Amino acid sequence: MDFNKIELDDIFKPSQQVNTTIKNDDLCTDLEVSVLLAKTAVPYSHRRIANNYVILKRICKFQVVQPRITYMEKAMLSKYLFSTLENTPISKVNRELSLLKDWAISTDDALRNDSTEILNIRVKELKHILSNNYTNNSNEMLKGYKALDSYLTNITKYYR
């Protein structure tokens, strides 16, 4: 197609319609997947981390601003191609959680330890996000943190 010869009427032809559908990665129905992940075969390391998270959440309510993750922790996430929690949609967090569950029961010790460390990093990120009120009130970030929060709180409901 030669762009120099386009006429004004050619712009409005149906064959050149622009795709206006928006893919929304943060659907509320994706939070149900987090609940289902918390119901089925959760490794002990995930249960332990979830118990600690829920106890601190009930006692402290995360009123004190929590620290951000360090560069070493970001490097650990990027080693497995994970982005930070505030830049991750709900569907991707659900996929990551299922991967972490599989890695937590792996026979490879390094992968199992990395799985536990990544979940601890995610919890640290979640605490930081929840301690800052602006993130809950604005739409500046994706809602992947809600999936992680749902996963951790539902683990303690199903595994007591």
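Above this note sits the structure.
All values derive from a computational prediction rather than experimental measurement.

1. Let's talk about the overall build of the chain
In step 1: The helix and strand tally for the chain stands at 7 helices and 0 strands.
In step 2: Secondary structure elements of the chain, listed N to C terminal, follow the sequence α-α-α-α-α-α-α.
In step 3: Residues counted as buried form 41% of the 160 residues belonging to the chain.
In step 4: Put simply, 79% of the contacts in the chain that link residues at least 6 apart link residues at least 24 apart.
In step 5: Summed over all atoms, the accessible surface of the chain reaches about 10,300 Å², with 55% contributed by carbon and sulfur.

2. Side note on the nonpolar core
In step 1: L126, L148, Y151 and L152 are the most contacted members of the largest nonpolar core, which has 31 residues in total.
In step 2: Counting residues per element, the ones that place at least two in this core are α1 (30-39), α2 (44-60), α3 (71-79), α4 (90-104), α5 (109-131) and α7 (144-158).
In step 3: Considering every element that reaches this core, the biggest residue donor is α5, with 8 residues.
In step 4: Ignoring any residue separated from it by four or fewer positions in sequence, one finds L126 in contact with Y53, L85, Y145, L148, D149 and L152.

3. Here's the deal with the pattern of salt bridges
Pairing between side chains of opposite charge can happen when the charged atoms of each approach one another.
In step 1: As enumerated under the stated definition, the model contains 7 salt bridges in all.
In step 2: Put simply, R122 and E96 hold a salt bridge, and the shortest N to O gap is 2.7 Å. Taken together, the residues span a long stretch of sequence, with R122 in helix α5 and E96 in helix α4 at a distance of 26 residues.
In step 3: Under the relative-accessibility criterion, R122 is labelled buried at 4%.
In step 4: According to the relative accessible area criterion, E96 is buried, its value standing at 4%.
In step 5: Among the salt bridges present, the one from D109 reaches R112, with a minimum N-O distance of 2.2 Å. Pair noted here: D109 and R112 are both in helix α5, with a separation of 3 residues, about one helical turn.
In step 6: Using a relative accessible area of 29% as the deciding quantity, one classes R112 as partly exposed.
In step 7: Each member of the salt-bridge network shares a partner with another, and the members are E96, R122 and E125.

4. Side note on unusual backbone geometry
In step 1: Positive phi values are uncommon outside glycine, yet A41 reaches one of about 40°.
In step 2: Residue position: A41 is located in the loop between α1 and α2.
In step 3: Positioned with a positive phi, L81 is a non-glycine residue whose angle comes to about 65°.
In step 4: Mapped onto the elements, L81 comes out in the loop between α3 and α4.

5. Some thoughts on the side chain of K101
In step 1: With respect to the helices and strands, the residue K101 is situated in helix α4.
In step 2: The charged side chain of K101 is buried without a salt bridge, its nearest counter-charge being D102 at 7.1 Å.
In step 3: Separated by 2.6 Å, the side chain of K101 and the backbone oxygen of L37 make a polar contact.

6. Brief notes about the packing of α2 against α5
In step 1: For the pair α2 and α5, interaxial distance at closest approach is 10 Å and the crossing angle is 20°. Put simply, α2 runs roughly parallel to α5. Viewed along their axes, α2 and α5 form a crossing whose handedness is right-handed. Residue-level contacts link S45, H46, R48, I49, Y53 and L56 of α2 to S115, T116, L119, N120, V123, L126, K127 and L130 of α5.
In step 2: Residue classes in the contact of α2 with α5 are distributed as 7 nonpolar, 5 polar and 2 charged.

Procedures and definitions
Residues numbered from 1 in each chain as written. Predicted model: local features only at pLDDT ≥ 70, side-chain atom pairs only at ≥ 80, totals over all residues. Heavy atoms only, no water. Helix = DSSP H or I, 4+ residues; strand = E, 2+ residues; numbered from the N terminus. Buried < 20%, exposed > 50% of the residue type's maximum accessible area, 1.4 Å probe, protein only. Contact = heavy atoms within 4.5 Å. Areas by Shrake-Rupley, 256 points an atom, 1.4 Å probe, with all protein chains shown as cover. Core = buried A, V, L, I, M, F, W, Y, C linked by side-chain atoms within 4.5 Å. Salt bridge = Lys/Arg side-chain N within 4 Å of Asp/Glu carboxyl O. Lys, Arg positive; Asp, Glu negative; His and termini not counted. Polar contact = N/O pair within 3.5 Å; in protein donor to acceptor, adjacent residues only side chain to side chain. Axes fitted to C-alpha atoms, helices over the stretch in contact; angles between N-to-C directions. Parallel < 35°, antiparallel > 145°, perpendicular 65-115°, else oblique. Left-handed = near helix turned anticlockwise from the far one by under 90°. Nonpolar A, V, L, I, M, F, W, Y, C, P; charged D, E, K, R; others polar.

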